[in-house]
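# Residue-level structure breakdown
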Amino acid sequence: MPKKSLKYKRILLKLSGEALMGRFDYGIDPETIGRLADEVMEIHRLGVEVALVIGGGNIFRGAGLAEAGMDRVTGDHMGMLATVINALAMQDAIEKRGGYARVMSAIKINDVCEDFIRRRAVRHLEKGRIPIFAAGTGNPFFTTDSAAALRAIEIGADLLLKATKVDGVYSADPKKVKSATRFEHLTYDQVIERKLGVMDTAAIALCREHAMPMRIYDMNRPGNLLRIVRGEAVGTLVDRGA
(Lines give C-alpha, C1' and ligand atoms only; values in the text may rest on other atoms or scores of the structure.)
Protein backbone atom coordinates (compact mmCIF):
# COMPACT_ATOMS: atom_id res chain seq x y z
CA MET A 1 0.00 0.00 0.00
CA PRO A 2 1.56 3.35 -1.00
CA LYS A 3 2.05 5.94 1.76
CA LYS A 4 -0.23 8.39 -0.03
CA SER A 5 -3.18 6.06 0.58
CA LEU A 6 -2.67 6.32 4.33
CA LYS A 7 -4.46 9.11 6.17
CA TYR A 8 -2.12 9.28 9.16
CA LYS A 9 1.67 9.50 9.11
CA ARG A 10 2.27 9.38 12.86
CA ILE A 11 0.01 7.93 15.55
CA LEU A 12 0.14 7.20 19.25
CA LEU A 13 -1.60 4.04 20.41
CA LYS A 14 -2.77 3.78 24.03
CA LEU A 15 -3.14 0.24 25.36
CA SER A 16 -4.46 -0.47 28.83
CA GLY A 17 -2.64 -2.97 30.97
CA GLU A 18 -5.85 -5.00 31.09
CA ALA A 19 -5.65 -5.31 27.30
CA LEU A 20 -2.57 -7.49 27.71
CA MET A 21 -4.29 -10.00 30.00
CA GLY A 22 -6.23 -11.62 27.16
CA ARG A 23 -7.72 -14.88 28.42
CA PHE A 24 -6.01 -14.57 31.81
CA ASP A 25 -7.18 -12.83 34.98
CA TYR A 26 -3.77 -11.36 35.72
CA GLY A 27 -0.46 -10.63 34.03
CA ILE A 28 0.40 -10.89 30.33
CA ASP A 29 -1.10 -13.28 27.77
CA PRO A 30 1.66 -14.00 25.21
CA GLU A 31 -0.93 -14.73 22.52
CA THR A 32 -2.66 -11.39 23.03
CA ILE A 33 0.50 -9.29 23.15
CA GLY A 34 1.75 -11.12 20.06
CA ARG A 35 -1.43 -10.32 18.14
CA LEU A 36 -1.21 -6.65 19.14
CA ALA A 37 2.44 -6.55 18.07
CA ASP A 38 1.46 -8.08 14.72
CA GLU A 39 -1.04 -5.28 14.10
CA VAL A 40 1.46 -2.60 15.10
CA MET A 41 4.07 -4.10 12.79
CA GLU A 42 1.54 -4.32 9.94
CA ILE A 43 0.99 -0.57 9.83
CA HIS A 44 4.62 0.18 10.68
CA ARG A 45 5.76 -1.70 7.58
CA LEU A 46 3.42 0.45 5.51
CA GLY A 47 5.28 3.55 6.65
CA VAL A 48 3.18 4.74 9.59
CA GLU A 49 5.26 6.06 12.49
CA VAL A 50 3.89 4.40 15.64
CA ALA A 51 4.44 5.17 19.31
CA LEU A 52 2.77 3.40 22.22
CA VAL A 53 1.72 4.11 25.79
CA ILE A 54 0.85 1.09 27.91
CA GLY A 55 -0.93 1.04 31.25
CA GLY A 56 -0.15 -1.24 34.18
CA GLY A 57 -3.57 -2.30 35.45
CA ASN A 58 -2.94 -5.97 34.72
CA ILE A 59 -0.28 -5.91 37.46
CA PHE A 60 -0.89 -2.93 39.76
CA ARG A 61 -3.23 0.04 39.72
CA GLY A 62 -2.25 2.89 42.02
CA ALA A 63 -5.79 4.18 42.61
CA GLY A 64 -7.01 0.71 43.53
CA LEU A 65 -4.16 0.18 45.96
CA ALA A 66 -4.94 3.55 47.54
CA GLU A 67 -8.56 2.51 48.05
CA ALA A 68 -7.29 -0.55 49.90
CA GLY A 69 -5.36 1.67 52.30
CA MET A 70 -1.94 2.09 50.68
CA ASP A 71 -0.41 5.55 50.37
CA ARG A 72 -1.54 6.90 46.99
CA VAL A 73 1.89 8.14 45.94
CA THR A 74 3.47 4.77 46.76
CA GLY A 75 0.69 2.97 44.89
CA ASP A 76 1.13 5.19 41.84
CA HIS A 77 4.89 4.58 41.83
CA MET A 78 4.21 0.84 41.88
CA GLY A 79 1.81 1.32 38.98
CA MET A 80 4.50 3.18 37.04
CA LEU A 81 6.88 0.25 37.47
CA ALA A 82 4.15 -2.10 36.25
CA THR A 83 3.93 -0.12 33.01
CA VAL A 84 7.67 -0.59 32.51
CA ILE A 85 7.20 -4.37 32.79
CA ASN A 86 4.45 -4.25 30.17
CA ALA A 87 6.48 -1.98 27.88
CA LEU A 88 9.45 -4.35 28.00
CA ALA A 89 7.13 -7.25 27.12
CA MET A 90 5.75 -5.31 24.15
CA GLN A 91 9.27 -4.37 23.05
CA ASP A 92 10.21 -8.04 23.05
CA ALA A 93 7.10 -9.00 21.04
CA ILE A 94 7.76 -6.28 18.44
CA GLU A 95 11.43 -7.16 18.04
CA LYS A 96 10.60 -10.85 17.64
CA ARG A 97 8.62 -9.73 14.59
CA GLY A 98 11.49 -7.82 13.04
CA GLY A 99 10.74 -4.37 14.44
CA TYR A 100 13.00 -2.15 16.46
CA ALA A 101 11.45 -0.74 19.63
CA ARG A 102 12.77 1.52 22.37
CA VAL A 103 11.24 1.70 25.83
CA MET A 104 11.42 5.25 27.18
CA SER A 105 10.55 5.78 30.83
CA ALA A 106 9.34 8.93 32.58
CA ILE A 107 11.24 7.76 35.68
CA LYS A 108 14.93 6.90 35.71
CA ILE A 109 15.52 3.17 35.32
CA ASN A 110 18.50 3.22 32.99
CA ASP A 111 19.57 -0.39 33.33
CA VAL A 112 16.50 -1.57 31.45
CA CYS A 113 15.32 1.37 29.32
CA GLU A 114 15.98 4.94 28.23
CA ASP A 115 14.81 8.13 29.86
CA PHE A 116 12.02 9.90 28.00
CA ILE A 117 13.47 12.83 26.06
CA ARG A 118 11.09 14.37 23.54
CA ARG A 119 13.66 15.09 20.84
CA ARG A 120 15.08 11.58 21.12
CA ALA A 121 11.58 10.09 20.91
CA VAL A 122 10.86 12.02 17.71
CA ARG A 123 14.22 10.95 16.30
CA HIS A 124 13.39 7.29 17.02
CA LEU A 125 10.17 7.71 15.03
CA GLU A 126 11.98 9.37 12.14
CA LYS A 127 14.51 6.50 12.12
CA GLY A 128 11.78 3.88 11.85
CA ARG A 129 11.85 2.79 15.48
CA ILE A 130 8.80 2.25 17.68
CA PRO A 131 9.07 4.13 20.99
CA ILE A 132 7.09 2.70 23.88
CA PHE A 133 6.50 5.29 26.58
CA ALA A 134 6.45 3.83 30.09
CA ALA A 135 5.89 5.07 33.67
CA GLY A 136 3.05 7.41 32.73
CA THR A 137 3.96 11.06 33.16
CA GLY A 138 6.39 10.18 35.96
CA ASN A 139 4.12 11.89 38.47
CA PRO A 140 1.60 10.43 40.92
CA PHE A 141 -2.11 11.28 40.56
CA PHE A 142 -1.89 11.28 36.75
CA THR A 143 -3.22 8.34 34.74
CA THR A 144 -1.67 6.69 31.70
CA ASP A 145 -4.56 8.25 29.74
CA SER A 146 -3.10 11.65 30.61
CA ALA A 147 0.35 10.35 29.69
CA ALA A 148 -0.96 9.21 26.30
CA ALA A 149 -2.49 12.63 25.59
CA LEU A 150 0.69 14.40 26.69
CA ARG A 151 3.03 12.19 24.65
CA ALA A 152 0.82 12.38 21.55
CA ILE A 153 1.03 16.16 21.68
CA GLU A 154 4.76 16.17 22.42
CA ILE A 155 5.68 13.97 19.45
CA GLY A 156 3.31 15.76 17.07
CA ALA A 157 1.07 12.74 16.42
CA ASP A 158 -1.70 13.08 13.85
CA LEU A 159 -4.05 10.92 15.93
CA LEU A 160 -4.34 9.48 19.44
CA LEU A 161 -5.85 6.00 19.45
CA LYS A 162 -7.30 4.27 22.49
CA ALA A 163 -7.72 0.52 22.14
CA THR A 164 -10.65 -0.90 24.10
CA LYS A 165 -12.80 -4.02 24.26
CA VAL A 166 -15.86 -2.32 22.74
CA ASP A 167 -16.39 -0.83 19.28
CA GLY A 168 -16.46 2.81 20.30
CA VAL A 169 -18.10 5.09 22.84
CA TYR A 170 -21.63 4.36 24.01
CA SER A 171 -24.25 6.38 25.86
CA ALA A 172 -24.05 3.74 28.63
CA ASP A 173 -22.26 0.47 29.28
CA PRO A 174 -23.49 -1.73 26.38
CA LYS A 175 -22.94 -4.86 28.48
CA LYS A 176 -25.38 -3.60 31.09
CA VAL A 177 -27.77 -1.44 29.07
CA LYS A 178 -29.09 -3.09 25.90
CA SER A 179 -30.57 0.19 24.64
CA ALA A 180 -27.20 1.99 24.80
CA THR A 181 -26.36 3.76 21.56
CA ARG A 182 -22.94 4.05 19.96
CA PHE A 183 -21.57 7.41 18.90
CA GLU A 184 -19.64 7.73 15.66
CA HIS A 185 -18.48 11.25 16.50
CA LEU A 186 -18.27 13.39 19.62
CA THR A 187 -16.68 16.68 20.58
CA TYR A 188 -14.35 17.01 23.56
CA ASP A 189 -16.97 19.08 25.38
CA GLN A 190 -19.66 16.45 24.82
CA VAL A 191 -17.45 13.75 26.29
CA ILE A 192 -16.76 15.84 29.38
CA GLU A 193 -20.32 17.13 29.86
CA ARG A 194 -21.92 13.69 29.43
CA LYS A 195 -19.27 12.00 31.59
CA LEU A 196 -18.84 9.27 28.99
CA GLY A 197 -15.64 7.87 30.48
CA VAL A 198 -13.67 7.77 27.25
CA MET A 199 -10.55 8.90 29.08
CA ASP A 200 -10.09 10.84 32.28
CA THR A 201 -11.09 14.50 32.17
CA ALA A 202 -7.50 15.78 32.34
CA ALA A 203 -6.59 13.82 29.21
CA ILE A 204 -9.65 15.04 27.31
CA ALA A 205 -9.01 18.64 28.34
CA LEU A 206 -5.39 18.39 27.21
CA CYS A 207 -6.44 17.00 23.82
CA ARG A 208 -9.04 19.75 23.48
CA GLU A 209 -6.53 22.48 24.26
CA HIS A 210 -4.13 21.20 21.58
CA ALA A 211 -6.74 19.97 19.07
CA MET A 212 -5.44 16.40 19.24
CA PRO A 213 -8.06 14.13 17.60
CA MET A 214 -8.81 10.84 19.32
CA ARG A 215 -10.33 7.63 18.09
CA ILE A 216 -11.64 4.92 20.39
CA TYR A 217 -11.87 1.50 18.78
CA ASP A 218 -12.23 -2.25 19.40
CA MET A 219 -8.76 -3.80 19.56
CA ASN A 220 -10.19 -7.34 19.44
CA ARG A 221 -11.36 -7.06 15.85
CA PRO A 222 -8.43 -7.97 13.57
CA GLY A 223 -7.53 -5.33 11.01
CA ASN A 224 -9.08 -2.36 12.82
CA LEU A 225 -5.77 -0.58 13.24
CA LEU A 226 -5.05 -0.85 9.52
CA ARG A 227 -8.55 0.37 8.65
CA ILE A 228 -8.08 3.41 10.87
CA VAL A 229 -4.77 4.51 9.33
CA ARG A 230 -6.40 4.13 5.91
CA GLY A 231 -8.97 6.69 7.05
CA GLU A 232 -11.98 4.43 7.65
CA ALA A 233 -14.51 5.49 10.30
CA VAL A 234 -13.83 2.76 12.84
CA GLY A 235 -15.10 3.23 16.38
CA THR A 236 -15.72 6.75 17.70
CA LEU A 237 -13.90 9.92 16.70
CA VAL A 238 -13.50 12.67 19.30
CA ASP A 239 -12.39 16.11 18.13
CA ARG A 240 -13.46 19.78 18.06
CA GLY A 241 -16.28 19.11 15.67
CA ALA A 242 -17.46 21.28 12.80
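As shown above, the structure is provided for reference.
Residues numbered from 1 in each chain as written. Predicted model: local features only at pLDDT ≥ 70, side-chain atom pairs only at ≥ 80, totals over all residues. Heavy atoms only, no water.

## Re the sheet that holds strand β11 (residues 236-239)
Ordered in space as β4-β3-β5-β2-β1-β6-β10-β11-β9, the nine strands form an open sheet in which the pairing is mixed. The outermost strands of the open sheet, each flanked by one partner alone, are β4 (114-115) and β9 (185-187). Both strand β1 (residues 10-15) and strand β6 (residues 159-164) contribute to a ladder of four bridges, which runs parallel. Counted as the bridge partner of Leu-13 is Leu-161 from β6. (Pairing = 2+ DSSP bridges. Helix = DSSP H or I, 4+ residues; strand = E, 2+ residues; numbered from the N terminus.)

## Some remarks on the pairing of β6
Counting buried residues along β6, six of its six residues qualify, which places the element largely inside the surrounding structure. On β6, burial covers both faces: Leu-159, Leu-161 and Ala-163 on one face and Leu-160, Lys-162 and Thr-164 on the other are all buried. For β6 and strand β10 (residues 214-218), the ladder comprises five bridges, and the chain directions are parallel. Bridged to Leu-160 within β10 is Met-214. (Buried < 20%, exposed > 50% of the residue type's maximum accessible area, 1.4 Å probe, protein only.)

## A short note on the environment of Arg-240
In this structure, Arg-240 sits in the segment after β11. Along the backbone, Arg-240 and Phe-141 are 99 residues apart, and their C-alpha atoms lie at a distance of 27 Å. Contact partners of Arg-240, with chain neighbours within four places excluded, come to Thr-187, Tyr-188, Arg-208, Glu-209 and Ala-211. (Contact = heavy atoms within 4.5 Å.)

## Side note on the environment of Lys-175
Along the chain, Lys-175 falls in the loop between β7 (169-170) and β8 (182-183). Relative accessible area serves as the criterion here: at 68%, Lys-175 is assigned to the exposed category.

## Notes on the packing of aromatic side chains
Under the counting rule described, the total for this entry stands at one aromatic pair. Relative to Phe-133, the ring of Phe-116 lies with its centre 5.3 Å away and its plane at 90°, an arrangement referred to as edge-to-face. In this pair, Phe-116 is assigned in the loop between β4 and α4 (118-126) and Phe-133 in strand β5 (residues 130-134), connecting sequence segments 17 residues apart. Residues Phe-116 and Phe-133 agree in their burial class; the two are buried. (Phe/Tyr/Trp six-rings, centres within 6.5 Å; stacked < 30°, edge-to-face > 60°.)

## A closer look at unusual backbone geometry
With a phi angle near 75°, Phe-141 is a residue other than glycine that sits in the positive phi range. By the element assignment, Phe-141 lies in the loop between β5 and α5 (144-154). Residue Phe-141 is classed as exposed on the basis of its relative accessible area, which comes to 52%. Of note, Lys-195 is a non-glycine position whose phi angle comes to about 50°, a positive value.

## Focus on the nonpolar core
The tendency in soluble globular proteins is for nonpolar side chains to be buried as a group. Membership of the largest hydrophobic core comes to 41 residues, with the highest contact counts inside it found for Ile-11, Leu-13, Leu-52, Met-90, Ile-94, Ile-132 and Tyr-217. Broken down by secondary-structure element, the contributors of at least two residues to this core are β1, α1 (30-45), β2 (49-54), α3 (72-96), β3 (101-105), β5, β6 and α8 (224-230). In contact with Leu-52, other than residues within four places in its own chain, are Leu-13, Leu-15, Val-40, Met-90, Ile-130, Pro-131, Ile-132 and Phe-133. If you look at the next biggest cluster of nonpolar residues, it comprises 30 residues, including Phe-116, Phe-133, Leu-196 and Val-198. (Core = buried A, V, L, I, M, F, W, Y, C linked by side-chain atoms within 4.5 Å.)

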